[in-house]
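Close look at the chain arrangement
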Amino acid sequence: MSLLTPELGLLFWMLLSFLIVFGVLAKFGFPVITGMVDKRRDRIEEGLLAAKEATERLQGVQQEAEKMLAEAQKKQSEIVADAMADSRRIIEGARQKAEAEATARVEAALSQIEIEKQKALGELRREVAMLSLDVAEKVLREKMKDSTAQAGYIERLIAEAEDNSPKTNA
Amino acid sequence: MRHTLLLWAALAIGVLSGWSMPTVEPTDNVTTEESPAEQEEAKLDVVGLIFEHIGDSYSWHIATIGDHHIEIPLLCIVRSQEGQWYAFSSAKVAHGHSHKGFFINHEGEQWKGKLVARNTEGELYRPLDLSITKNAAGVMFNSLVVIIIILGVAGWYRRRNYDINAIPKGFVGAVEMLITSIEDDVIRPSVGKDYKRYSPYLLTAFFFIFVSNLLGLVPIFPGGANVTGNIAVTLVLALSTMFAVNVFGNKEYWKEILWPDVPVWMKVPIPLMPVIELFGIISKPFALTIRLFANIMAGHTVLIALTCLVFITVNMGATMNGVMTVFSVLLSVFMLVLEVLVAYIQAYVFTMLSAVFIGLSRKEHHAAHKK
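This text gives an overview of the structure that appears in the document. (Residues numbered from 1 in each chain as written. Chains lettered and ligands numbered in written order. Predicted model: local features only at pLDDT ≥ 70, side-chain atom pairs only at ≥ 80, totals over all residues. Heavy atoms only, no water.)

1. Here's the deal with the overall build of chain A
Counting its secondary structure elements, chain A contains two helices and zero strands. Looking at chain A as a whole, 12% of its 170 residues are labelled buried. (Helix = DSSP H or I, 4+ residues; strand = E, 2+ residues; numbered from the N terminus. Buried < 20%, exposed > 50% of the residue type's maximum accessible area, 1.4 Å probe, protein only.)

2. A word on helix α8 (residues 231-247) of chain B
Residue and element names in this part refer to chain B. Its 17 residues place the ends of α8 23 Å apart at the C-alpha level, agreeing with the 24 Å of an ideal helix rising 1.5 Å per residue. Counting buried residues along α8, twelve of its 17 residues qualify, which places the element largely inside the surrounding structure. Inspection of α8 places I231, A232, V233, T234, V236, L237, A238, S240, T241, A244, V245 and N246 among the buried residues, and these make up the whole buried set. Where α8 begins, the capping side chain belongs to N230, and its oxygen is found 2.9 Å from the backbone nitrogen of A232. (Expected span 1.5 Å × (residues − 1). Polar contact = N/O pair within 3.5 Å; in protein donor to acceptor, adjacent residues only side chain to side chain.)

3. What to know about the pairing of strand β7 (residues 115-118) of chain B
Residues and elements named next belong to chain B. As paired strands, strand β6 (residues 102-104) and β7 are joined by two bridges and run antiparallel to one another. The residue of β7 that forms the bridge with I104 is L115. Strand direction decides the pairing type here: β7 and strand β8 (residues 124-125), joined by two bridges, are antiparallel. Within β8, the residue paired with A117 across the bridge is Y125. Remark: five residues form the turn of the hairpin made by β7 and β8, two consecutive strands paired antiparallel; G122 in that turn has positive phi of roughly 85°. (Pairing = 2+ DSSP bridges.)

4. Regarding the nonpolar core
By size, the foremost hydrophobic cluster in this structure holds 74 residues, and its most contacted members are I150, F207 and L237 of chain B. Put simply, the parts of the chain that give this core at least two residues each are α1 (8-143) of chain A together with α5 (134-159), α6 (170-191), α7 (195-217), α8, α9 (251-258), α10 (272-312) and α11 (318-361) of chain B. Broken down by element, this core gets its largest block of residues, 13 residues, from α7 of chain B. Beyond its immediate stretch of four places on either side in the chain, I150 of chain B contacts L25, G29, F30 and I33 of chain A together with V175, I179 and F207 of chain B. (Core = buried A, V, L, I, M, F, W, Y, C linked by side-chain atoms within 4.5 Å. Contact = heavy atoms within 4.5 Å.)

5. Points about the interface of chain A and chain B
When the parts of a complex come together, some accessible area is lost, and that lost area is often used as the size of the interface. Each partner contributes to the interface: chain A provides 34 residues, whereas chain B provides 56 residues. Between chain A and chain B, roughly 3900 Å² of surface is buried when both sides are summed, and carbon and sulfur atoms account for 78% of that area. Counting the contacts that link chain A with chain B gives five salt bridges. Between R41 of chain A and D184 of chain B there is a salt bridge, with its nearest N and O atoms 2.7 Å apart. A per-class count over the side of chain A that touches chain B returns 23 nonpolar, five polar and six charged. (Buried area = accessible area lost by both parts, 1.4 Å probe. Salt bridge = Lys/Arg side-chain N within 4 Å of Asp/Glu carboxyl O. Nonpolar A, V, L, I, M, F, W, Y, C, P; charged D, E, K, R; others polar.)

6. Thoughts on a nonpolar patch on the surface
Among the surface-exposed residues, L258, W259, V264, V268 and L278 of chain B lie close enough to one another that they form a single nonpolar patch of about 460 Å² accessible area. When you line up the elements, V264 of chain B lands in the loop between α9 and α10. (Patch = residues over 30% accessible without salt bridge, like charges linked within 9 Å, V, L, I, M, F, W, Y side chains within 5 Å. Areas by Shrake-Rupley, 256 points an atom, 1.4 Å probe, with all protein chains shown as cover.)

7. A few points about the pattern of salt bridges
As a working rule, side chains carrying opposite charge can pair if their charged atoms are close by. One pass over the full model with this rule turns up 17 salt bridges over all chains. One salt-bridge network, in which partners are shared between bridges, spans D38 and R41 of chain A together with E183, D184, R188 and K196 of chain B.

8. Points about α7 of chain B
The terminal C-alpha atoms of α7 of chain B lie 32 Å apart, and with 23 residues this matches the ideal 33 Å at 1.5 Å per residue to within 8%. Extensive coverage of α7 of chain B is indicated by the burial of 20 of its 23 residues.

9. So, the sheet that holds β7 of chain B
Note on sheets: strands pair through backbone hydrogen bonds, and any given pair is parallel or antiparallel. Taken in spatial order, the four strands of this open sheet run β5-β6-β7-β8 (chain B), and their pairing is antiparallel. Whereas interior strands pair on both sides, the edge strands pair on one side only; in this sheet they are β5 (98-99) and β8 of chain B.

10. A word on the environment of G280 of chain B
Residue and element names in this part refer to chain B. Mapped onto the elements of the fold, G280 is located in helix α10. Overall, the relative accessible area of 15% leaves G280 in the buried class. Taking the C-alpha atoms as reference points, G280 and I257, 23 residues apart in sequence, are found 8.9 Å from one another.

Here is the structure:
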């Protein structure tokens, strides 16, 4: 059957044609097309990747912002708490200081008063003494106007002194 | 070959006016009633017609109108036994003519329809024949079409300075899509990691087969040549794959052929498995050759046979002939559509099997890792 026996001439021309087609297309045809397709595919993949990255970055930024916000709030509340504590401390300090000062002042005033009182008391005593001396002098002078009274009085004093001395000696 | 136009004209007529055929019938009846001998002559030699079409010829027959043949003479290149090269137009050896001792043999089974010559002893011999036959011319034309299509697509990018933002549309886009689908769905998964090295060959094979298959379905010149339904053409394609498989096969591939992982008694003393594996080297391209050749040839055969239905049934009367004409046209249209599908499938299958065979010759040594 001639159908099943390959003809040499056709084999030759087929081989030649196919080699030429292959040579031309392998050099100028298919690599160009597949290269462009691959390039485009890479580009699309890159674009998708970039978009994904951007989304991720955006999410990161949002998270960062949230974190920063939270931190700021935390710091704010800390500052407020600190300030409140400070103010409380300051007020407390001021109060204590004022109290201490007041106390000191009261004490100083009290001691001054005491001193003044003592002084006044001393003066008063001296005054009273002087007064009583004066009174006594006057009384004595009144009483001792007559010499008998004086003598009687001296007598009595001596008697008293005599009474007192053995007792003290004993 | 002389009936080609007649066949396709009938097809066209059938499509346009399937029922007009009976009007021709009475004249046919007259001729058939004349004499039994003439009746025999008028009968259509369907088998001869089919073999004429799917075979090869020295000239490209386009149509026969009456007794006038319209055909394109092709170049005959032969070398005589004396070592002398001759080149002449096929018109010089047409219709039984002889040129410089060369003539087309019409007698006997041997070298029937081939250029032959007689040597000094008067014995018939077959010269070395490198004639550009119809199929060779078809191969060249198809090659040209493939080159124009692919370089046209490649040139589309070049004209745009390889601008990555240029997106091809229309025909260029379709070809690009076809290339991408073959490379991504067939070549890459079958060949493996260094598929880029083989994809130009596999794509060339795919487009050559696909374009040839499609052009083979076009009934008028320059289509219609039964290129991929010729065993010489498919043999060259299959041998190219065999070459790619065996020349670039790696150590693992040859090890699996010559020393496969089977019990030792299957390799020594009788190399049973190596022989089977070596046979596989030949059977793979053989299968590729026969599959493509047989599919396309069968398709052409069925198409012609269906078209011949019109002429076979001429003697069966007007009604029968009319019915069969419509039937023939409908079936022919169906078969043509089917053949378009087959054209793609066979190109796809050839490319896929080639890719798989190449992939097998490039596989990594994974069997050892499993153990």
